[in-house]
2 protein chains.
Amino acid sequence: MSTPAVILLSGGLDSATTLAIAQSAGYECHAVSFDYGQRHRVELEAAKRVGEACGVASHRMITLDTTAFAGSSLTDGGEVPKGRADDAIAEGIPSTYVPARNLVFLSYALGVAEGIGATDLFIGVNAVDYSGYPDCRPEFIASFEAAANLATRIGVEGGGIVIHTPLLNLTKADIIRRGLSLGVDYEMTISCYDPDGQGRACGDCDACLLRARGFAEAGSDDPVRRRCS
Amino acid sequence: MSTPAVILLSGGLDSATTLAIAQSAGYECHAVSFDYGQRHRVELEAAKRVGEACGVASHRMITLDTTAFAGSSLTDGGEVPKGRADDAIAEGIPSTYVPARNLVFLSYALGVAEGIGATDLFIGVNAVDYSGYPDCRPEFIASFEAAANLATRIGVEGGGIVIHTPLLNLTKADIIRRGLSLGVDYEMTISCYDPDGQGRACGDCDACLLRARGFAEAGSDDPVRRRCS
């Protein structure tokens, strides 16, 4: 019997690749996705598509009370930054930062893990081609893993919790190459922070720009549906 | 202007005392309570009463998707342990343990704190007269504080987040004495894991037994309403 693992699946390129990596390593993958009032909620449909196509063992869609997630342009209707140069994306914490998001996501996922007896969690955070969010950095993940092992029954009595971050030190191009080699269908994913109602990407927000550069560097065409394509 | 702080308010004896301590220290207190499908949900009415009586600056009632909280007798309808001796209560993790609960609560509270610009959080955990939950121990709180400072904008750019645990090393009797000296009206609180529909305590679960012993040792009468009194 394969080992169960919980996978955070947003519907984006990174989490789809993470799922493929976990499955290729032989884990029985249980996906968890979150509705936190994000303006790009259409990504949840992408998450559903990806989960179904990959044949996950289960998929929980968790609705979060949005009371805690004020103060971000991803949730409050503010302006999402567009057309930023690479060095601007890499600098500082942008307005799309959502307070405590990965902490809440991982905490919930940990609750799910305990419920199904899993000690392995996968999250597609990346500290190379990323948006400058503090909760994507390796030091945060290590710190959360330590807290998780102190907080939970499986941490204290069981074999210990491991937070897997297979994308942490990869460039976006490396992630895409890895995903393509595992057969990930990136047409099903969506990375855009500001898609239209049909789920077509804007092509101009930080997430779209990072994705476009990644595909260009990987020497591959992005099958994503764009608004103006 | 006083400093804002976020207080986890369950409606129990410990959190009511914690709120009184935070207020007496001059903080502008913003309360957060959670509905996580607990069988003793009547405690949320107690939380509301306590918050109103103490004049909190705001009070958020956050409903959690219960998908993550399976596997506890507090949420799944299993039997709550009754009539246990002190040494049995102190030993091991009981069935009332809820997977990742304090981790989820604190993560949400941190999101609220970022939204209102607070860097101080108060939680009434206690590692002396407690129910053996791993997420009430000082090593977990310290670990969470470290993760919180790495995860958030206020942790990275601001003055740093502090998790206050004023009850951590107090006995239940000490907590009660402290609360009484600050004028806490314990009649408004409820500690029972298995209250009836009118919010009357069973008198026999771990929480009731710890509370009764605390009042006895403090030399005070517990004004709580009991089922058989």
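Residues numbered from 1 in each chain as written. Chains lettered and ligands numbered in written order. Predicted model: local features only at pLDDT ≥ 70, side-chain atom pairs only at ≥ 80, totals over all residues. Heavy atoms only, no water.

Some thoughts on the overall build of chain A
Note the following rule: A run of DSSP states H or I qualifies as a helix once it reaches four residues; a run of E qualifies as a strand once it reaches two. Both are numbered from the N-terminal end. Only C-alpha atoms enter the radius of gyration; for comparison, a globular chain is expected to reach 2.2 Å times N to the power 0.38, where N is the number of residues. Buried residues are those whose accessible area, probed at 1.4 Å on protein chains only, stays under 20% of the maximum for their type, while exposed residues exceed 50% and partly exposed ones sit between those limits. Throughout, a contact is declared for two residues whenever any of their heavy atoms are within 4.5 Å. For the area figures, the Shrake-Rupley method with a 1.4 Å probe applies, and any residue is considered shielded solely by the protein chains shown. His is not counted here, nor are the chain ends, while Lys and Arg score as positive and Asp and Glu score as negative. One atom stands in for each charge, and that atom is NZ of Lys, CZ of Arg, CG of Asp or CD of Glu.
Assigned secondary structure in chain A consists of eight helices and five strands. Ordered by position from N to C terminus, the α and β elements of chain A give β-α-β-α-β-α-α-β-α-α-β-α-α. By the compact-globule yardstick of 17 Å for 229 residues, chain A fits well, its C-alpha radius of gyration being 17 Å. Summarising its shape, the C-alpha atoms of chain A cover approximately 50 × 40 × 30 Å along the three principal directions. The buried share of chain A, reckoned over its 229 residues, is 57%. Excluding contacts between residues fewer than 6 apart, the proportion of contacts in chain A whose partners are at least 24 apart in sequence is 74%. In the structure as shown, chain A presents an accessible area of about 8500 Å², 48% of it carried by carbon and sulfur atoms. A gap of 4 Å separates the mean positions of the 19 positive and 29 negative side-chain charges of chain A.

A few points about the packing of aromatic side chains
Residues and elements named next belong to chain A. Going by this rule: When the centres of two rings from Phe, Tyr and Trp lie within 6.5 Å, Trp using its six-membered ring, the rings pair. Their planes under 30 degrees apart give stacked, over 60 give edge-to-face, and anything left gives tilted. Cation placement over rings: the criterion is NZ of Lys or CZ of Arg within 6 Å of the ring centroid and within 35° of the ring normal.
Following the criterion strictly, the structure yields 12 aromatic pairs over all chains and no others. Judged by centre distance (6.3 Å) and plane angle (50 degrees), the rings of Phe140 and Phe144 are tilted. Here the residue Phe140 and the residue Phe144 both occupy positions in helix α5 (residues 138–151), the gap between them amounting to four residues, near one helical turn. Just as Phe140 is buried, Phe144 falls in that class too. The ring of Tyr133 is capped by Arg101, whose NZ or CZ atom sits 5.3 Å from the centre of that ring.

Quick notes on the interface of chain A and chain B
Convention followed: Here the quantity called buried area is the accessible surface, traced with a 1.4 Å probe, that two parts lose on coming together, added over both. Counted as salt bridges are all cases of a side-chain nitrogen of Lys or Arg within 4 Å of a carboxyl oxygen of Asp or Glu.
Tallying the contact residues gives 39 residues for chain A and 39 residues for chain B. At the boundary of chain A with chain B, total buried surface from both sides reaches about 3200 Å², with 64% on carbon and sulfur atoms. When the buried area of chain A at its contact with chain B is split by residue, Tyr108(A), Leu150(A) and Arg153(A) rank highest and sum to 19% of it. Where chain A packs against chain B, one counts zero salt bridges.

Thoughts on the relation of the copies chain A and chain B
Keep this limit in mind: Copy-to-copy alignment: least squares on C-alpha atoms, limited to residues at pLDDT 70 or above in both.
Under the fitted operation, chain A is carried onto chain B by 0.0 Å of movement along the axis and a turn of 180 degrees, and the coordinates agree to an RMSD of 0.0 Å. As the rotation angle and translation indicate, the two copies are arranged about a two-fold axis. Here 100% of the contact residues of chain A are again contact residues in chain B; the copies associate through an equivalent surface.

Topic: helix α2 (residues 43–54) of chain A
All names here are of chain A. We count it as follows: A helix's residues, less one, multiplied by 1.5 Å, set its expected span. Within this analysis, the arc is defined by the directions that extend from the helix axis to the C-beta atoms.
The terminal C-alpha atoms of α2 lie 16 Å apart, and with 12 residues this matches the ideal 16 Å at 1.5 Å per residue to within 8%. The complete set of buried residues in α2 reads Glu43, Leu44, Ala46, Ala47, Val50 and Gly51. One side of α2 holds all its buried residues, which, seen down the axis, span an arc of 150 degrees. Away from the buried face of α2 by more than 90 degrees, exposed residues Glu45, Glu52 and Ala53 are located. The secondary structure elements touched by the buried residues of α2 are α1 (13–24), β2 (28–35) and β3 (58–63). Immediately downstream of α2, the backbone of Gly55 shows phi near 65 degrees, a positive value.

Digging into the pairing of β2(A)
Residue and element names in this part refer to chain A. Rules: DSSP calls a pair of strands paired once it identifies at least 2 bridges connecting them. Crossover handedness is defined by viewing with both strands directed away from the observer: a clockwise path from the first strand over the helix to the second marks the crossover as right-handed.
The buried fraction of β2 is high, at seven of eight residues. As paired strands, strand β1 (residues 4–8) and β2 are joined by five bridges and run parallel to one another. Bridge pairing links Pro4 to Glu28 in β2. Read from β1 through α1 to β2, the crossover connection turns out right-handed. In the sheet, β2 pairs with β3 via six bridges, with the strands oriented parallel. Bridge pairing in β3 places Ala31 opposite His59. Each parallel crossover has a hand, and the one from β2 via α2 to β3 is right-handed.

Things to note about the sheet that holds strand β5 (residues 162–164) of chain B
All names here are of chain B. So the rule is basically this: Note on method: axes are straight lines fitted to C-alpha atoms, helices fitted across the in-contact stretch only, with angles between N-to-C directions ranging 0 to 180 degrees.
Taken in spatial order, the five strands line up as β3-β2-β1-β4-β5 in an open sheet, and their pairing is parallel. The sheet terminates laterally at β3 (58–63) and β5, the two strands that pair on one side only. With direction set aside, neighbouring strand axes in the sheet form an average angle of 25 degrees. Bridge count for strand β1 (residues 4–8) against strand β4 (residues 120–122) is three bridges, and the pairing is parallel. Counted as the bridge partner of Ala5 is Asp120 from β4.

Let's talk about the pattern of salt bridges
Going through the model one piece at a time under the given rule, you end up with 16 salt bridges over all chains. The shortest N-O distance in the salt bridge between Asp14(A) and Lys172(A) comes to 3.0 Å. Of the two residues, Asp14(A) sits in helix α1 while Lys172(A) sits in helix α7 (residues 172–181), which places them 158 residues apart along the sequence. Comparing Asp14(A) with Lys172(A) shows no difference in burial state: the two are buried. Here Arg177(B) makes a salt bridge to Asp174(B), at a shortest N to O gap of 2.9 Å. Here Arg177(B) pairs with Asp174(B), and both are found in helix α7 (residues 172–181), just three residues apart, close to one helical turn.

What to know about the environment of Asp194(B)
Following the sequence through the fold, Asp194(B) ends up in the loop between α7 and α8 (206–218). With 115 residues separating them in the primary sequence, Asp194(B) and Glu79(B) have C-alpha atoms 9.5 Å apart.

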